[in-house]
Structure formats: structure tokens, C-alpha cells
Amino acid sequence: MGNVDCQRRRRVRRCAAVVLVAFALPAGAFAQTVSIEPGARWIVGDGVVDLDCAAVNVAGALDAQDGRVDGIGDLDIAGQVTATTAALEVGGNWNNHGSFLAGSGTVRLSDRCDQAAASIRGTTTFSTLRIDSARAKAYRFEAGTTQSVAQALQLTGAAGQYLAIGSTQAGTRAGLALSTGGTQQIAWVNVADMAAPEGSAWLAPGRPEDFHSVDSGNNLRWFQTAEPAQPAQVPTTSGGALLVLLLGLGLLGRHRLRRQLTP
């Protein structure tokens, strides 16, 4: 099957039906890339679609509504994706340089599609974001950007198989901001070059071992419960002022001594 292209509103339902049938075919019979062209709209409704790791390029609009789209390979958003209450599973890269309307939907980044590493690029506000791996997958957040989570954040690896969370550029932090009213579940992660910006929730507040996790450095507002204490600043005095101070103290001492010796 070639690219899925729903060019007119009146063909939306027919196109959605074609997608459902096409992805029920045996492996190798479906498209490797699903393209939603500018002006096209794919409405999932309350259905379930498994793309079996096909890449999805959204230049038009994907309206997931209350449905579920599993097995997305790479998701590239240049147009608009509306989640509403839907669940989206992505096994590859998440690239958002368009518009993602999270609603109360869930995005899960998973081991599906057998990629050892994936990236999260652009800037996205998620409602619920789940990233999980049972085989030490690495996720790299775009350096210098911040991804936001409104309701719930889950980052979980497995015993001895740390989910790697880091930046696309070593030494330069990427941001992951969970709202202060949101919930978090973090375990078996290895974190480096990440920041939880001021005004957002502290992530994994406590010792790394409390979360079966590893702090690999250059993290801000991760794993501690307070900002590191700053060393006390000792005031300095210029040489001339110090000499005057010493002379004054000497004169004061002599004056007190004379008073004590005077009958």
C-alpha cells in the first residue's frame, strides 16, 4: 500500500477504513510510511489501529479522538495532531515542529520497533507521558528545549536494565518539566544532562538509589530535595583598610589597659 492520503473531508471515513484494512494484512504488505498531506485529515474516532512500526508523517491533521494508535515508528509532526483522550504508542523518534494538542490523552514511548535509541525533538506539552523500556533503551531529549508534562510522568526501566534519559548534546542540558500538581513514577533510570526547570516539580526527589537509578551528572533539580548549599562567602578587606583597623584595635587595647592600671 502506498501513502495514505485523505485529501477531502467527505473521504475521511473511507480513508480511515482503508487504513484499518491495510494494517490487518500480513507483515510486509502494509506501507512503511503513512503520510497525511497538507489539507488532509485522518480521524481515528474510537477505533484501534496498529501501524506495525510504519513511520507517520503529519503535514495535515491527525485527529486521534478517543481511539488508540499503536506501533507508530517515527512520528514527525509538521501539521497538527489532536489526542483528545486517545493513546498513542511510538517506538521510534518523536519530532514535533507543528502542533500537538494533548487533551487528556496518553503518549507512550516504548520498546516497540526494536530501536536501541530514540530522540524527542521540538517542544511538546503532554498530558500523560510514559517512557518505558525492558532492555536499556536510550532516549535523548533535544538540547536547549523543554518538554512539558501536565498530568503524569512515568520513566521506568527494568532491574539491571536502566532506561537512559539524557540530552542530544553531551554537556548541554535538556528540560523536562512536570507540573507541580502532576504525578511521577520513576525507577531504573540513568540520567545525565537533564533539568527540571524552576516552577516545575522536582524529579525523583531523593537519593538515586531510592529510585534504583543512576545520576550520571550535570542534572538540575533531579535526585536531590534542595538546592546544593553554597559555600559561605568571607568578606574581604583591602590592605589599607585592614591596617587602619589593626591600628584602631591596638589603640583601643592600649586605652583599656591604661584604664585598668590607673589607680
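Residues numbered from 1 in each chain as written. Predicted model: local features only at pLDDT ≥ 70, side-chain atom pairs only at ≥ 80, totals over all residues. Heavy atoms only, no water.

Chemist: What's the story with the pattern of salt bridges in this structure? I'm lost.
Modeler: Any two side chains of opposite charge can pair, so long as their charged atoms come close to each other. With the rule as written, the count across this model stands at 12 salt bridges. D63 is paired through a salt bridge with R41; the nearest N and O atoms lie 3.2 Å apart. Here D63 is found in strand β4 (residues 61–63), whereas its partner R41 is found in strand β2 (residues 41–43), with 22 residues between them in sequence. We classify D63 as buried; its relative accessible area is 9%. For R41, a relative accessible area of 25% translates into the label partly exposed. In this structure, R207 and E209 form a salt bridge, with 3.8 Å as the shortest nitrogen-oxygen distance. Bridged by salt links that share partners, the residues D50, D52, E89, R108, R112, R130 and D132 form one connected network. (Salt bridge = Lys/Arg side-chain N within 4 Å of Asp/Glu carboxyl O. Helix = DSSP H or I, 4+ residues; strand = E, 2+ residues; numbered from the N terminus. Buried < 20%, exposed > 50% of the residue type's maximum accessible area, 1.4 Å probe, protein only.)

Chemist: Any chance you could explain the nonpolar core here in plain terms?
Modeler: In summary, soluble globular proteins display a tendency toward joint burial of nonpolar side chains. Counting residues in hydrophobic clusters, the biggest one holds 52 residues, and the most contacted among them are W94, F100, L155 and W222. The dominant element in this core, judged by the number of residues it contributes, is strand β3 (residues 48–58), at five residues. Residues within four places of W94 in sequence aside, it is in contact with L75, I77, F100, V107, L109, S119, I120, R121, T124 and F126. (Core = buried A, V, L, I, M, F, W, Y, C linked by side-chain atoms within 4.5 Å. Contact = heavy atoms within 4.5 Å.)

Chemist: Would you explain the pairing of strand β14 (residues 146–156) in this entry?
Modeler: Residues in a regular strand point their side chains to alternate faces of the sheet. Inspection of the sheet shows strand β12 (residues 125–132) paired to β14 by seven bridges, in the parallel sense. Residue pairing across strands places F126 opposite V149, the latter belonging to β14. Note that β14 and strand β16 (residues 174–178) share four bridges and pair parallel. Residue pairing for β16: T146 is matched across the bridge by G175. Sheet analysis places β14 next to strand β17 (residues 183–187), joined by five bridges and oriented parallel. Bridge assignment links T156 to a residue of β17, and that residue is A187. (Pairing = 2+ DSSP bridges.)

Chemist: Is there a simple way to explain the packing of aromatic side chains in this structure?
Modeler: Think of a pair of aromatic rings as described by two things: how far the centres are apart, and how the planes are tilted against each other in angle. On inspection of all chains with the given rule, the structure shows six aromatic pairs. Note on Y162 and W188: the rings are 5.8 Å apart at their centroids and 50 degrees apart in plane angle, and the pair reads as tilted. A residue pair is termed long-range when its members are at least 10 positions apart, and Y162 in the loop between β14 and β15 (163–167) and W188 in the loop between β17 and β18 (189–191) qualify at 26 residues. Through a chain of ring-to-ring contacts, three or more aromatic side chains come together here, namely W94, F100 and F126. (Phe/Tyr/Trp six-rings, centres within 6.5 Å; stacked < 30°, edge-to-face > 60°.)

Chemist: Looking at this model, I keep getting lost on the side chain of D193. Mind explaining?
Modeler: With respect to the helices and strands, the residue D193 is situated in the loop between β18 and β19 (194–195). Despite its burial, D193 pairs with no opposite charge; the closest candidate is R173, at 6.4 Å N-O. If sequence neighbours within four positions are ignored, D193 has contacts with S167, Q169, A170, G171, T172, R173, A174, G217, N218 and N219. (Lys, Arg positive; Asp, Glu negative; His and termini not counted.)

Chemist: Is there a simple way to explain the sheet that holds β2 in this structure?
Modeler: Within a sheet, each strand pairs with its neighbour through backbone hydrogen bonds, oriented either parallel or antiparallel. Strand order across the open sheet formed by four strands is β2-β4-β6-β9, with parallel pairing between neighbours. The open sheet is flanked by β2 and β9 (99–101), the only strands paired with a single partner. Ignoring which end each strand starts from, the neighbouring axes of this sheet average 5 degrees apart. Sheet topology places strand β6 (residues 80–82) next to β9; three bridges connect them, and they run parallel. By the bridge assignment, T82 is partnered in β9 with L101. (Axes fitted to C-alpha atoms, helices over the stretch in contact; angles between N-to-C directions.)

Chemist: What should I look at first to understand the state of the cysteines in this one?
Modeler: Between two cysteines, a covalent bond joining their sulfur atoms is known as a disulfide. The tally for this structure, following the rule as stated, stands at one disulfide. Covalently, C53 is tied to C113 through a disulfide, its sulfur atoms 2.1 Å apart. Its S-S torsion of approximately -100 degrees makes the covalent link between C53 and C113 left-handed. Of this pair, C53 sits in strand β3 while C113 is found in the loop between β10 (106–109) and β11 (117–122), placing the two residues 60 residues apart along the sequence. The exposure class assigned to C53 is partly exposed, which follows from its relative accessible area of 27%. (Disulfide = S-S within 2.5 Å.)

Chemist: Mind showing me how you'd approach unusual backbone geometry here?
Modeler: What you tend to see is this: most non-glycine residues have negative phi, and most peptide bonds are trans. The backbone of C113 shows a phi angle near 85 degrees, a positive value even though the residue is not glycine. Phi is positive for D193, close to 60 degrees, though the residue is something other than glycine. The exposure class assigned to D193 is buried, which follows from its relative accessible area of 12%.

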